[in-house]
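What the coordinates show
Below, each chain spelled out in residue letters.
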Amino acid sequence: MTVEQVKPETTGTPAPGLLEPPLAGGGVPLLGHGWPLLRDPLAFMSRLRDHGEVVRLKLGPKTVYAVTTPALTGALALSPEYHIAGPLWESLEGLLGKKGVATANGPQHRRQRRTIQPAFRLDAIPAYGPIMEEEAHALTERWKPGETVDCTTESFRVAVRIAARCLLRGDYMDERAERLCTALATVFRGMYRRMVVPLGPLYRLPLPANREFNRALADLHLLVDEIVAERRASGQKPDDLLTALLQAKDENGDPIDEQEIHDQVVAILTPGSETVASTIMWLLQALAEHPEHADKVRDEVESVTGGRPVAFEDVRKLRHTNNVVVEAMRLRPAVWILTRRAVTDTELGGYRIPAGADIVYSPYAIQRDPESYDRNLEFDPDRWLPERVKSIPKYAMSPFSVGNRKCPSDHFSMAQLTLITAALATKYRFEQVSASDDTTRVGITLRPQNLLLRPVAR
């Protein structure tokens, strides 16, 4: 989904006498609002708009500012007065490093985007079509009618394989996808704790949870080192993202260093796999919970394909299928919380924001806001029809962000999600089994706790 980029009018040099934002309720001694963010973070973030458009939070001794309206989140994302930084990104540096495109700012970030952008241009996506088709249909072939499917494992496997085969040109074995799935679950859960309760010294103690986190993080970085080493040893230079990184130059015209190559591969492989896999899980949950829309997807695919297997070239014609994907991302965004840091004294929504302050906002809360959406909690893909979408406020739906931090892989991700949804809904109906748990597991991303489905042949 493309959002028009405009110059924000709500930020700039603060005028004298600006007010301090109100303090949100619900804090507790010592932990402040870290406790409700741990206990029920989605409900807590969703209630913040009741306290104002900008409110103060206390995370331990730290003051953080929360933004609660679509217009202000758009202004925040587009303004050069706020950089990628804050509790979220500090917690992610252990995974993404300090030299990857996800966490860099300024000239380094602009150079890195120029390096990776050609791989995600709209006209580059069709070259990945055969791989996306192959993996989507292999997924449907692996599943057998009546057998229980572990959706967490399967969703990660297909997301990792598509990313690796398209962007790193590696035919990686399922064992690596399993390692990545297991490690990411542990790492992202631990990083969320570190973000909302920033008690640094305690996380260095040799406690079981800390040891498990450190082992998982080490395995992730080992996996990336294996990928880069294999490419170097092969001597091959396919036209892909990894070759572009190995040949990239820094601001002085010298090759980028090994740490930046490592961090860039991590930034490409792991967050993308995590967010796409989480979205696939929510799409499977939606197909099981809303069989009427699964049937509409099947009917649409058959009307477009005439009964042949769905192909990449069909994706643009699958309007309802695309709307199902967008609506699933609206209600269950993989990335549910984001942070920025003010680089100068400024103002937001009429409130003073001091230099160095961290600002947090929740796409989950914004995308479920009853002031932006009619029947806001209903799964309604038709709200994205042209005649209805005009009523949705700007920035109320920005699944790939906006501005210079807009996810470069938006078209890539939408293509694979639409194709996978079409392939699955055409071949199967889905039922949750008795041991399934589709409640929301909250970490850095959102996903079902333990989604187990039984495919039923159509």
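Refer to the structure above for everything that follows.
Thresholds applied
Residues numbered from 1 in each chain as written. Predicted model: local features only at pLDDT ≥ 70, side-chain atom pairs only at ≥ 80, totals over all residues. Heavy atoms only, no water. Phe/Tyr/Trp six-rings, centres within 6.5 Å; stacked < 30°, edge-to-face > 60°. Helix = DSSP H or I, 4+ residues; strand = E, 2+ residues; numbered from the N terminus. Buried < 20%, exposed > 50% of the residue type's maximum accessible area, 1.4 Å probe, protein only. Pairing = 2+ DSSP bridges. Contact = heavy atoms within 4.5 Å. Axes fitted to C-alpha atoms, helices over the stretch in contact; angles between N-to-C directions. Polar contact = N/O pair within 3.5 Å; in protein donor to acceptor, adjacent residues only side chain to side chain.

Turning next to the packing of aromatic side chains. For the structure shown, the criterion picks out four aromatic pairs. Between tyrosine 128 and phenylalanine 412 the ring centres are 5.4 Å apart and the planes differ by 80°, which places this aromatic pair in the edge-to-face class. Within this pair, whereas tyrosine 128 is found in the loop between α5 (106–116) and α6 (129–142), its partner phenylalanine 412 is found in helix α16 (residues 410–427), the two being separated by 284 residues in sequence. The same class applies to tyrosine 128 as to phenylalanine 412, namely buried. What links up through ring pairs into an aromatic cluster is the set Trp143, Tyr428 and Phe430.

Despite not being glycine, arginine 375 shows a phi value in the positive range, around 50°. On the basis of relative accessibility, which here comes to 39%, the residue arginine 375 falls in the partly exposed class. The phi dihedral of tyrosine 395 falls on the positive side, at around 75°, and the residue is not glycine. Within the secondary structure layout, tyrosine 395 lies in the loop between α15 (386–389) and α16. Residue tyrosine 395 is classed as buried on the basis of its relative accessible area of 10%.

For the rest of this paragraph, the subject is the sheet that holds strand β4 (residues 149–150). Pairing within the open sheet is antiparallel, and its three strands lie in the order β4-β12-β9. If you trace the sheet from one side to the other, it starts and ends with β4 and β9 (428–432), each paired once. Where β4 and strand β12 (residues 452–457) come together, two bridges link them in antiparallel fashion. Looking at β12, one finds that valine 149 is bridged to leucine 453. Docked against the sheet, α16 engages β9 and β12, running at close to 85° with respect to β9.

Bringing the side chain of aspartate 314 into the picture now. Considering the arrangement of structural elements, one finds aspartate 314 in the loop between α12 (291–305) and α13 (319–331). A polar side-chain atom of aspartate 314 sits 2.7 Å from the main-chain amide nitrogen of alanine 311. Apart from residues no more than four positions distant in its own chain, aspartate 314 is found in contact with Val304, Thr305, Arg308 and Pro309.

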